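# Summary of the model geometry
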Amino acid sequence: MKPTFYITTAISYPNGAPHIGHAYEAMATDVMARFMRLDGYDVRFLTGTDEHGIKMLQTARKEGITARELADRNSARFQEMATLLNLSNDDFIRTSEERHRVACQAIWKAMEANGDIYLNKYAGWYSVRDEAYYGEEETIVSDDGIRFGPQGTPVEWVEEESYFFRLSAYQEKLLKLYEEQPDFIGPDERRNEVVSFVKGGLKDLSISRTTFDWGIPVPGNDKHVMYVWVDALTNYITALGYPDTDSELFRKFWPALHIIGKDIVRFHTVYWPAFLMSAGVPLPKRVYAHGFLFNRGEKMSKSVGNVVGPQEMVDAYGLDPVRYFFLREVSFGQDGNYSHEAIVGRMNADLANNLGNLAQRSLSMIAKNLGGVLPTPGALTEADRAILESVYGLLPVCREAIGTQQIHQALNAIWAVLGEANRYFDAEAPWTVRKTDEARFATIMWVTAELLRNVAILIQPVMPASMEKLLDLLAVPADRRAFDSLGEGGALAGGNALPAPVGIFPRYVEKAAD
Ligand code: ME8
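Residues numbered from 1 in each chain as written. Predicted model: local features only at pLDDT ≥ 70, side-chain atom pairs only at ≥ 80, totals over all residues.

## Quick look at the sheet that holds strand S5 (residues 132-134)
Taken in spatial order, the 4 strands line up as S5-S4-S8-S10 in an open sheet, and their pairing is antiparallel. A strand with exactly one partner marks an edge of an open sheet, and here the two such strands are S5 and strand S10 (205-206). Taken together, the 3 bridges between strand S4 (residues 117-127) and S5 define a ladder with antiparallel strand orientation. Each bridged residue has a counterpart across the sheet, and for Ser127 the counterpart in S5 is Ala132. (Pairing = 2+ DSSP bridges. Helix = DSSP H or I, 4+ residues; strand = E, 2+ residues; numbered from the N terminus.)

Here's what the structure looks like:
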């Protein structure tokens, strides 16, 4: 029996086309899912779209179509993005699906049966954009008289009959959770923010709406639809078959690691565990929030005109370089910047030079000087052993990094070893040795191929297609590409014929300006 691992992204609002922030979260989550699969876990990776709520309805009205039409059209774009980005998701959930209505109504009934839901009147400052109510003290009024919420979005006064969730009853239980399970929220900055927010006191939460009907009906009262966040958060268990908690998927995979952006931490670490406690469902393992991406330091927005879509980026640079760039450049958990120059810099320095050249130089020497046959090594020197030890030592470092969602640290460690490997190759000067000592030349070629095999296996989660090519060039069989083939036990045997080498990472050359 393999150990299991369940990982999710936030489900995106399909009220527009996917942007690079969505792509970033999806790629990062995919890297962790792929890493765990290669490391021997039975993995389930979920992503999807969050289709209900007033924001969807308003966008649809503006475009003169129904909310369902808008959801259908744009959810398809998110599914196309999953293909574009080579995501390995096992399921794609849409909250407009029947299975999700069933799950939401079931969790509602469970919370109600626990005495946590009551009917009352709601009046407060509501942000349509955030789909959230704010206390008066959280809002500010601008010079021209417009009131804004804490996320900088306009709020309006709303009064309606509403069901409430007794969130106030969960303050102590939540604080106990953060205390007893200190890694429930990461990174630490986010955890500290949540702890002090909850310590400040929790008000009961309005969890239904009567002013529109694009949502999941409240069981027993069709005048109300569920607040979109009750609906949205439940997706994570819908996809495992909730309310059937005896289903194979649920028993196997719950609880989850949730990967989300830093703007929705409160929903995932305060509301969600409270709902689950109330409904008697075990809590997620961990919620990890990544930062926001900025285009040259500016927030992405249509009005600034700096929204670059995932498709345009992949067209310009290729998928694997884009995946590599974002995961290496941005410390996962912090905000980050991207720009054309930064992407090209990484492509040329890290991919074309550091990794690509080492592969290209060594493989073409094997092709040219050894008839394309991988040699058998002779006695290893101190230098050979040192570089092999460095590369064989990477797995525990990467495991530790991925286990704490520090994807960039795994990549830093691998590229540090690649730097050493290049220095090794230059110092050994195989192009000279070849003329005087064939046996030594063969050993240097084998060591280099062996270290390329190991780094290629480890880099697969980030650049799956390119590393598949490199492992093909090294004639590594398909069933020897998981992490249990890393290290000496899986070392390359001499005598294999290698295919003719081809470049994997071409240099990015600027197109001449017209
Ligand atoms: O929040 N950089 O949907 P969403 C990085 N439906 N990440 C970004 C980003 C940026 N510039 N902009 C957005 C929602 N994100 C809800 C989630 S989950 C039960 C419901 C991230 O489409 C954002 O932080 O606004 C979130 O994790 C995800 O993209 C979807 O955002």
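That was the structure; now back to the text.
## Focus on the site of the ligand
Around the ligand, the surrounding shell holds 19 residues, and the nearest of these are Ala10, Ser12, Gly21, Asp50 and Gly261. Looking at the shell around the ligand, the elements with two or more residues in it are helix H1 (20-38), helix H7 (228-238) and strand S14 (257-261). Each residue belonging to the shell around the ligand can be placed in one class, and the counts come to 11 nonpolar, 5 polar and 3 charged. (Near = placed C-beta within 6 Å. Nonpolar A, V, L, I, M, F, W, Y, C, P; charged D, E, K, R; others polar.)

## Regarding the environment of Gly503
As for its placement among the helices and strands, Gly503 is situated in the segment after helix H18 (464-473). Considered as a pair, Gly503 and Arg361 are 142 residues apart in the sequence and their alpha carbons are 9.8 Å apart. Once residues within four sequence positions are removed from consideration, Gly503 is found in contact with Gly356 and Gln360. (Contact = placed C-beta atoms within 7 Å.)

## As for the UniProt feature "short sequence motif: 'HIGH' region" (unreviewed entry) in the protein
On the UniProt side, "short sequence motif: 'HIGH' region" (unreviewed entry) is annotated at positions that read residues 12-22 here. Note that residues 12-22 is 27% helix and 0% strand, and that its end C-alpha atoms are spaced 7 Å apart. (UniProt positions renumbered as here; feature names shortened; annotations may be inferred.)

## Section: the packing of helix H12 (residues 340-369) against helix H17 (residues 438-459)
The relative placement of two packed helices is expressed as an angle between their axes plus a distance between the axes. The contact between H12 and H17 brings their axes to 10 Å, and the two run at 135 degrees. Viewed along their axes, H12 and H17 adopt a mutual orientation that is oblique. Considering how the two elements wind past one another, H12 and H17 form a crossing that is left-handed. Residues Leu358, Ala359, Ser362, Met365 and Ile366 of H12 form the contact with H17, whose participating residues are Met445, Thr448, Ala449 and Leu452. Grouping the amino acids of the contact of H12 with H17 by side-chain chemistry returns 7 nonpolar, 2 polar and no charged. (Axes fitted to C-alpha atoms, helices over the stretch in contact; angles between N-to-C directions. Parallel < 35°, antiparallel > 145°, perpendicular 65-115°, else oblique. Left-handed = near helix turned anticlockwise from the far one by under 90°.)

## Notes on the packing of helix H4 (residues 98-113) against helix H9 (residues 265-279)
For the pair H4 and H9, interaxial distance at closest approach is 7 Å and the crossing angle is 70 degrees. When the interaxial angle is binned, H4 and H9 end up roughly perpendicular. Residues Ile107, Ala110 and Met111 of H4 form the contact with H9, whose own contacting residues are Phe275, Ser278 and Ala279. Its residues assigned to classes, the contact of H4 with H9 comprises 5 nonpolar, 1 polar and no charged.

## Topic: the nonpolar core
Among the nonpolar cores identified, the biggest contains 140 residues, and Phe275, Ile414 and Val455 are the most heavily contacted of them. Setting aside its immediate chain neighbours within four residues, Val455 contacts Val391, Ile414, Val417 and Leu418. Leu57, Ala67, Leu70 and Ala71 belong to the second largest nonpolar core, which has 7 residues in total. (Core = buried A, V, L, I, M, F, W, Y, C linked by C-beta atoms within 7 Å. Buried ≥ 20, exposed ≤ 12 C-beta atoms within 10 Å, placed from the backbone.)

## Quick word on the sheet that holds strand S9 (residues 185-186)
Reading across the sheet, the 6 strands line up as S3-S2-S1-S14-S15-S9 and stay open at both edges, with parallel pairing between neighbours. Only two strands of the sheet have a single neighbouring strand rather than two, namely strand S3 (91-94) and S9. With 4 bridges joining them, strand S2 (residues 42-49) and S3 adopt parallel strand pairing. Note that in S3 the partner of Gly48 across the bridge is Ile93.

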